[in-house]
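# Tertiary structure, described
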Amino acid sequence: MEEIELQKIKIKDNFWSEYQNLIKGTIIPYQYAVLNDAIDVEVEAEREDDQLPKGKSHALENFRITAGLSKGEHFGWFFQDSDVYKWIEAAAYSLAKKRDDSLEELIDEVVVLISQAQEKDGYLNTYFQLRRPDLKYRQLYFSHELYCAGHLIEAAIAYDQVTGKADLLKIAMKFIDNIERHFGDEDGKIQGADGHQEIELALGRLYEYTGEERYLKLAAFFIEVRGKDPLFYEKEIQRNILEELSTERPHVNLYYLQAYEQPKLQRTAEGHAVRMLYMAASMAKIAHHQKDEALYEACLSIWENITQKKMYITGGVGSTVHGEAFTGDYDLPNDTMYCETCASIALVYFAFEMYKIEQKAEYFEVIERALYNGILSGASVDGKHFFYVNPLEIQRASCHNNPGKGHVKTQRPDWLGCACCPPNFARLIGSIEKYIYLEEADTLWINLFIGSELLLSDANLIQRTDYPFENQVQLTYHGAHRTIKIRIPDYLTNLQIQGVNDYQLVDKYITFVAVDGMSVTINFEQPILSITSNPKVSSNVNKLSIQRGPFVYCAESLDNENELQQYCVNEADIVRGTINETSDILEKTLKMTVPAKKIIEWSEEKLYRYHQPSLVEEKQLHLIPYHLWGNRGEVEMRVWLNRESR
Ligand code: FUB
Ligand code: ZN
């Protein structure tokens, strides 16, 4: 199954065009200015820890210093180079939509700078070049050298694909040559992988882009070698101490690094969530291309573990700040969780790779859930503020006073000391096109209702819709006969299809043969639905959340009273909820109002009392799509609402 090139799809959609315009008009210039230290921004550490870098980004300056164009020291995280690479990738996607000579010139300038920073032998990592050249490839448990290389490769593919300019790709390939000289099964080479997976996925993409087997082989090597020698990272540390290159004796947590076992033998999602999911995405890609059953079996099991036991209703993953990690099954606290924006993005990558192997609707159900909820919440609607951690519940006083919630920000910061999420947001949302359609032989899959035009070699298709604001999708098809499969989200009801008589609805897909000039209209309803969770999730017992269309809703105190925890809602009443279209947050915002009750007595200043029946007052509870929370000042917020028992 093939991804369709971005340039062949044009989004024309009220909801997504607004986001893509925001990326082009605001996010890309803003992020460049931040990476170039050209504007004053409040940089926050992502969690309470005095060791974490704050202050200006310095990301481009690090390249200038490495290239000898500027004086100074490396500043910031040792993986800061990846912020620049992700920015280039996002900027390239934006060029795919519309040419912009000045943006292209700016990217070219950055590419020249990167080439000037690259060493003659291909090595490229400003942290190690400036600070510890003697430790190149010798601290893999933490170094991120190959993680940064991975992001360089992905940026290079995007830029080459969109502009035809291969300069960055040449830089990336030269770096890969260097990596190949140092890593591999052969004697004398390093038989270990970077602590943070990413290059595996990037190399898989490069193989798809160039058709060169060696890139896939190298990706597969990094997956195969991980966990093969569980002492690899310990030995690395010992060797550095023995050779007096370092005195550090860090504790290596093999679960955090997914190196407790070879990936093909892993069955559950463990450790750092982004690492886990970048790895899972690459495992699926490699399994697909190499027809590796063992790797695929591991992917299936990890997928099941995440989506049935470890995923939030928003598509967020990672239940704890400690190690930014997965925890045990059904452990999904709503107010101390991590739910890093990058982790949900990585979940989309994993789901997408799994879908390319087997076209099951459940993969796109997760992609859609993450996209419309836990990923979009990562950026403010002004495009200049970003969440790293995406909570499902905010109690301001607790967030400010409880050190255990130091990572839970009540407002999106201007920028983060560890800025992995903002440019990751830009590159994913900026390339959302590629998730709408997929193609294999004469079959076209439509997985997302997003207004768009698709140009194929022998056909074109127009998807016209104002979804999720309206309940209709129209498709017009011109070209050679082709089987079309349209995913019908399971939360839609009263489906009506016009324009085609001979269709089947099987496994959540409508399938029919499209012929030249065909026009198909799909009408449906988006009822307000209440969701309950498995009672094993103790934080959600006696609670429900509300969804309509692809949006999970949340209550903000701004639209209600402060004590959101005192409201309760009844499943049976929720269907009487109403939807209003306003321009309160986005140009079009679908707000919801549902009947609720609020516990009102307890005026005495007492913490506890012997039980007496609660006095409740009839109320309305006003809700907004979760991804829009926190755009109107600091508020209390809740996704999971108390469920009224009758
Ligand atoms: O380590 C690089 C990135 O920084 C990770 O992917 C994020 O989780 C953050 O730790
Ligand atoms: Zn991140």
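Residues numbered from 1 in each chain as written. Chains lettered and ligands numbered in written order. Predicted model: local features only at pLDDT ≥ 70, side-chain atom pairs only at ≥ 80, totals over all residues. Heavy atoms only, no water.

With that settled, consider the UniProt feature "domain: Non-reducing end beta-L-arabinofuranosidase-like GH127 middle" (unreviewed entry) in the protein chain. Following the UniProt record, one finds the feature "domain: Non-reducing end beta-L-arabinofuranosidase-like GH127 middle" (unreviewed entry) at residues 443–510. End-to-end, the C-alpha atoms of residues 443–510 are 12 Å apart, and along that stretch the chain is 0% helix and 59% strand. (UniProt positions renumbered as here; feature names shortened; annotations may be inferred. Helix = DSSP H or I, 4+ residues; strand = E, 2+ residues; numbered from the N terminus.)

The sheet built from six strands is open, its strands ordered β2-β8-β9-β10-β15-β12 with antiparallel pairing. Every interior strand has two partners, whereas the edge strands, β2 (9–11) and β12 (493–498), have only one. Averaged over all neighbouring strand pairs, the angle between strand axes comes to 10°, with direction disregarded. (Pairing = 2+ DSSP bridges. Axes fitted to C-alpha atoms, helices over the stretch in contact; angles between N-to-C directions.)

The strand order β1-β6-β7-β11-β14-β13 describes an open sheet built from six strands, whose pairing is mixed. Every other strand in the sheet has two partners, leaving β1 (2–3) and β13 (504–506) as the edge strands with one partner each. Judged from the four bridges that link them, strand β6 (residues 437–440) and strand β7 (residues 443–446) form a sheet pairing that is antiparallel. From the neighbouring strand, Tyr437 faces β7, where its bridge partner is Ile446. The strands touched by helix α14 (residues 361–375) are β6, β11 (482–487) and β14 (509–514); relative to β11, the strand with the most contacts, the crossing angle is about 55°. (Contact = heavy atoms within 4.5 Å.)

Within the largest apolar cluster, 233 residues are counted, with the highest numbers of intra-cluster contacts made by Trp16 and Phe350. With residues near it in sequence (within four places) discarded, Trp16 still touches Ile11, Leu371, Tyr372, Leu376, Ile429, Ile432 and Ile450. (Core = buried A, V, L, I, M, F, W, Y, C linked by side-chain atoms within 4.5 Å. Buried < 20%, exposed > 50% of the residue type's maximum accessible area, 1.4 Å probe, protein only.)

In this section: the coordination of the zinc ion (ligand 2). Around the zinc ion (ligand 2), the protein supplies Glu340 (OE), Cys342 (SG), Cys420 (SG) and Cys421 (SG) as donor atoms, at distances of 2.0 to 2.3 Å. Mapping the donors of the zinc ion (ligand 2) onto the primary sequence gives the spacing E-x1-C-x77-C-C. With Glu340 in the loop between α12 (293–310) and α13 (341–357) and Cys421 in helix α16 (residues 421–429), this pair connects stretches of sequence that are 81 residues apart. (Donors = N, O, S within 2.8 Å, 3.2 Å for Na, K, Ca; no water.)

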